[in-house]
Amino acid sequence: MYLRPVHAEHDVPTLRSLIADVRLGILVTAIQSETYPLLQSTHIPWLLHVDDPESETELGTLRGHMAKQNPQAKVLVEHVAAETGWETEEDVMVLFTSPADHYISPQYYKDTKPNSGKVVPTWNYASVTAYGRAKIYTSTNPDITAFLQQQMHQLTHKCETSESSLQNEWKVSDAPDTYVAALRKAVIGIEIKIGRLEGKWKMSQEMGEADRAGVVEGLEKAGERGKAVATIVETRNAETGKKTV
């Protein structure tokens, strides 16, 4: 991604936190195939595993699954083999984007707009991109059953317990065993040991104090979504010594 230094986030726990909170990430692959397109992408709910949650440097491992009938799954299965440890030869990419994002109007800027007019619309957002080789669990991989059973149970538990509106947790074991077993046969498992993380928090850091104050003021009038972004703008700039007020 295009990553200006002013927008770059390097703190690993912060990057992991966004991934763990968002969970839904876009898997992007570029794999040569005579049958399937080179570039493919799929939205997948991911579970981020870290051995030491207190670690400042551990990047973690992403675990997910996708339908076998998905063309991206087919090219992944076609690409890997036991000789390679069922891993892709090159890195894949998973993109996570915070739900807190918002349009930024030039009218928000209290300093630059009235004084020079040299402003244009932009968008504030936060995202994390994870890179790493993907290990594929499919019918030729003997570990597939154990992997999918653990991944599905853990992901469901994470999602169910994160929803405050749910009074009772639904568990995979609540469904008939034969039904779950049939569903497992229709998917592949994906495990990505993250080798690199890139984080981008584009929250008006490049603007002056008066302009940032105007951004916060404008966003706070833009509904709940705007208020959420305004809070991040204030927090991010306070952390870098650029308070908006």
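Under an unreviewed UniProt entry, the protein chain has the name FMN-binding negative transcriptional regulator and belongs to Naganishia liquefaciens.

Q: I keep staring at the sheet that holds strand β9 (residues 134-137) and nothing clicks. Help me out?
A: Sheet strands pair by backbone hydrogen bonding; their relative direction is either parallel or antiparallel. Here four strands make up an open sheet; going across it, the order is β4-β5-β10-β9 and the pairing antiparallel. Two strands lie at the open edges of the sheet, namely β4 (47-49) and β9, each paired on one side alone. Averaged over neighbouring strand pairs, the angle between their axes works out to 25 degrees when direction is ignored. In this structure, β9 lies alongside strand β10 (residues 187-193), joined through four bridges in antiparallel fashion. From the neighbouring strand, Ala134 faces β10, where its bridge partner is Ile192.

Q: Whenever I open this one, the nonpolar core confuses me. Can you help?
A: Looking at soluble globular proteins, one finds that nonpolar side chains tend to be buried together. The biggest cluster of nonpolar side chains holds 45 residues, and the ones touching the most others in it are Leu27, Trp46, Leu62, Ile190 and Ile192. Ranked by the residues each element gives to this core, the list is headed by helix α1 (residues 12-22), at five residues. Counting residues in each nonpolar core, the second largest holds six residues, with Tyr137, Leu148, Met152 and Val187 among its members.

Q: Explain the pattern of salt bridges to me, please; I cannot follow it from the model alone.
A: Oppositely charged side chains can pair when the atoms bearing their charge come close. In total, this model carries seven salt bridges according to the counting rule given. Measuring nitrogen to oxygen at the nearest pair gives 2.6 Å for the salt bridge that ties Lys110 to Glu217. Within this pair, whereas Lys110 is found in the loop between β7 (102-104) and α3 (112-115), its partner Glu217 is found in helix α6 (residues 209-220), the two being separated by 107 residues in sequence. Classification of Lys110 as partly exposed rests on a relative accessible area of 47%. For Glu217, a relative accessible area of 34% gives the class partly exposed.

Basis of the calculations
Residues numbered from 1 in each chain as written. Predicted model: local features only at pLDDT ≥ 70, side-chain atom pairs only at ≥ 80, totals over all residues. Heavy atoms only, no water. Pairing = 2+ DSSP bridges. Helix = DSSP H or I, 4+ residues; strand = E, 2+ residues; numbered from the N terminus. Axes fitted to C-alpha atoms, helices over the stretch in contact; angles between N-to-C directions. Core = buried A, V, L, I, M, F, W, Y, C linked by side-chain atoms within 4.5 Å. Buried < 20%, exposed > 50% of the residue type's maximum accessible area, 1.4 Å probe, protein only. Salt bridge = Lys/Arg side-chain N within 4 Å of Asp/Glu carboxyl O.

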